[in-house]
Amino acid sequence: MMSAKEFSPRQLDRIIEMAWEDRTPFEALLFQFGLPEKEVIKFMRATLKESSFKRWRKRVNSGVSQKHLKKRNPEMTRFKCSRQKAISGNKISKR
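Everything numeric here is computed off the predicted structure, so don't read it as measured data. (Residues numbered from 1 in each chain as written. Predicted model: local features only at pLDDT ≥ 70, side-chain atom pairs only at ≥ 80, totals over all residues. Heavy atoms only, no water.)

1. Digging into helix H1 (residues 9–20)
Note the cut-off: The helix count covers DSSP runs of H or I at least four residues long, the strand count covers runs of E at least two residues long, and both are numbered beginning at the N terminus. Expected span of a helix, by definition, is 1.5 Å for each gap between consecutive residues, and there is one gap fewer than residues. Note on contacts: a residue pair is in contact if any heavy atoms of the two residues lie within 4.5 Å.
The first and last C-alpha atoms of H1 sit 17 Å apart over 12 residues, in line with the 16 Å expected at 1.5 Å per residue. In this structure, the buried side of H1 is in contact with helix H2 (26–33), helix H3 (37–47) and helix H4 (50–60).

2. Examining the packing of H3 against H4
The criterion, for reference: Interaxial angle, 0 to 180 degrees, is taken between N-to-C directions of lines fitted to C-alpha atoms, where a helix line uses only the stretch in contact. For classification purposes, angles smaller than 35 degrees are called roughly parallel, those larger than 145 roughly antiparallel, those between 65 and 115 roughly perpendicular, and all remaining angles oblique. When residues are grouped by polarity, Ala, Val, Leu, Ile, Met, Phe, Trp, Tyr, Cys and Pro land in nonpolar, Asp, Glu, Lys and Arg in charged, and all others, Gly among them, in polar.
It is at 8 Å that the axes of H3 and H4 come closest, and there the two elements cross at 150 degrees. Between H3 and H4, the crossing angle belongs to the class labelled roughly antiparallel. Contacts between H3 and H4 involve Val40, Ile41, Met44 and Arg45 from the former and Phe53, Trp56 and Arg57 from the latter. Residues of the contact of H3 with H4, tallied by class, amount to 5 nonpolar, no polar and 2 charged.

3. Structural notes on the environment of Ile15
What counts is decided by this rule: In this scheme, a residue with accessible area under 20% of its type's maximum is buried, one over 50% is exposed, and one in between is partly exposed, where area comes from a 1.4 Å probe on protein chains only.
Within the secondary structure layout, Ile15 lies in helix H1. Ile15 gets classed as buried once you look at its relative accessible area, which sits at 0%. Each residue touching Ile15, except ones within four places of it in the same chain, is listed here: Phe7, Leu29, Phe33, Leu35 and Phe43.

Don't take any of this as a statement about function, it's just geometry.
Put into structure tokens, the structure is as follows:
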């Protein structure tokens, strides 16, 4: 397991982005970055403003978020959005 100090700035940004995404479960963060849920929570607490962290935790623990595989619809097997193939350079390409 790597500590947050061992990640590049780009990886840190991606961790925060994945943590905010409702469809990305904590297991994906563990698989990709080796960060278990408790470490992600510690990282988000240290990185975000207090109000942002509280909003994120409230969302993660609500029924809206699918951060926990046990809460997910069993039909949802993908980590990414169906439109992701059309995304290049973090910008949605013209349709």
